[in-house]
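Listed below, chain by chain, are the residues.
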Amino acid sequence: MTMIYKAFSKKLIGEKYEKVTRTLLICLVVFLGLYMGNFRISAEPSILYLTVTAFTAGVMWQSLSSEENAAYMKNLIMLPFERREFVIFYIVALGVYTVFTKTSILLAVLLAVTDQSGMEILGIILCIGNAVFMTAAAFSLKKYWYGVILWAVAALAGIFYCGNSPWFFMMAAVNGVWSFFLLRSGDGYAFYVQGSKHKSKMRECRHGCVWRYFYRYMNRHKNYWLNTAVLWCVACVLPLFFRQMEIKFVIPVGFAVLSLNTPICILLSCDPALEQAVRFLPGQRKAFCIPYCLFIFGCNLIADVIFLVSFQIQAGGVTVFMAASGLFFALQSAIFSVLLEWFYPVRGWKIESDLWHHPRKYIVPGIMLLLAGAVGTAPGILFLLVDLLGFESFVLLVLCWKHS
């Protein structure tokens, strides 16, 4: 059954673990850069435990839900296999991928900017292992979703309230053993994601078929809606963290932060069939790119409106100029995202988690932060940026109508 582990690990991290080696080198550079910068923040152990647990569990769930993994697993489960060994080696392979290529980067940042004792580091390691096995066990029992939700809430509440207590280690150990026990009694078929990969059929765009595509695609990938809903919730609470800052800097920075909605900005990268159709079928650039830009703009605008309303309720002082800034940032980030997807789509990824955590996701929010700093320093510069927006819109229109 080690062949099961080798099959999945070769797909996820390379035959000679080259993806792990590359990621660990990046982690070393990040750690040394932050540590030598002598930047320190104070954080309770419970916050550190909660952060690594939530992040690892989220990435692990994405990996388990991957349709690319499902297609790969379909070929393996047609062969005779031992139920327990298949489950354990499959989870170990996904756990190695999650911990050493995703969580390791977060861990490098946390270890560089916070001070921990040996026991706290041990607690972090225990939380990471716990998150891997608990998420896998919860995924295998997802048809009992109500029980899974209660289990997850209880685990997170236990970390938050007992993370600073000596009882935490015993609680985490018991939870980890229980998760491992559930996995040993699980079935490999429970990890197979049913359903074929979504196929895109791009026709001449009449009667809003592209909008139906967006609706169906988002309904099929409900985690995309969940990510968008979480971002809107962040827009509600973001003013709480900005109360002590000057309002002319706060509002543009908030708009920049809310542009980080990765799932809706990678629709071409995550569906190669759609990208091929858009690029090669006649008339599809105009048919797809403009509605796609408006779709991202609409999602961004809702988040910005929620942020402005929340800020007005909590602090007040929102002006018409700030509302116009929100309109500019929402449209600007949408145009940037579409142009980035068209000219630099992400290729060569193995599973969807690679897309969600690709460094490219920070390019548009980074540009928005720079623009936010410019607008906050000199509000009049917004009019120059509007001229830039007009030029980019012209480029997008030329791109869409060329050869249409």
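Residues numbered from 1 in each chain as written. Predicted model: local features only at pLDDT ≥ 70, side-chain atom pairs only at ≥ 80, totals over all residues. Heavy atoms only, no water.

1. Considerations on the overall build of the protein
Inference 1: Scanning the protein for helices and strands turns up 17 helices and zero strands.
Inference 2: Per-residue burial for the protein yields a buried fraction of 46% across its 404 residues.
Inference 3: Counted over contacts in the protein with a minimum sequence separation of 6, partners at least 24 positions apart contribute 85%.
Inference 4: Of the roughly 20700 Å² that the protein leaves accessible, carbon and sulfur atoms contribute 71%. (Helix = DSSP H or I, 4+ residues; strand = E, 2+ residues; numbered from the N terminus. Buried < 20%, exposed > 50% of the residue type's maximum accessible area, 1.4 Å probe, protein only. Contact = heavy atoms within 4.5 Å. Areas by Shrake-Rupley, 256 points an atom, 1.4 Å probe, with all protein chains shown as cover.)

2. Notes on the nonpolar core
Inference 1: Counting residues in each nonpolar core, the largest one holds 40 residues, and the members touching the most others are V52, L64, Y90, I91, L183 and F191.
Inference 2: Only α1 (2-13), α3 (45-64), α5 (83-113), α6 (118-140), α7 (145-162) and α8 (167-184) provide two or more residues apiece to this core.
Inference 3: Looking at which element gives the most residues to this core, the answer is α5, with 11 residues.
Inference 4: When residues no more than four places from it in sequence are discounted, the contact partners of L183 are V87, I88, I91, F133, A136, A137 and F191.
Inference 5: Judged by nonpolar contacts, the second largest core, of 32 residues, contains L268, F295, F297 and L339. (Core = buried A, V, L, I, M, F, W, Y, C linked by side-chain atoms within 4.5 Å.)

3. Focus on the side chain of Q62
Inference 1: When you line up the elements, Q62 lands in helix α3.
Inference 2: In contact with Q62, other than residues within four places in its own chain, are S353, W356 and H357.

4. Brief notes about the packing of α3 against α6
Inference 1: At their nearest, the axes of α3 and α6 sit 8 Å apart, and the two run at 30° to each other. Classified by the angle between their axes, α3 and α6 sit roughly parallel to one another. Read as a crossing pair, α3 and α6 show a hand that is right-handed. Residues P45, Y49, V52, T53, T56, A57, M60, W61 and L64 of α3 form the contact with α6, whose participating residues are M119, E120, G123, I124, C127, I128, A131, V132, T135, A136, A138 and F139.
Inference 2: In terms of residue class, the contact of α3 with α6 is built from 16 nonpolar, four polar and one charged. (Axes fitted to C-alpha atoms, helices over the stretch in contact; angles between N-to-C directions. Parallel < 35°, antiparallel > 145°, perpendicular 65-115°, else oblique. Left-handed = near helix turned anticlockwise from the far one by under 90°. Nonpolar A, V, L, I, M, F, W, Y, C, P; charged D, E, K, R; others polar.)

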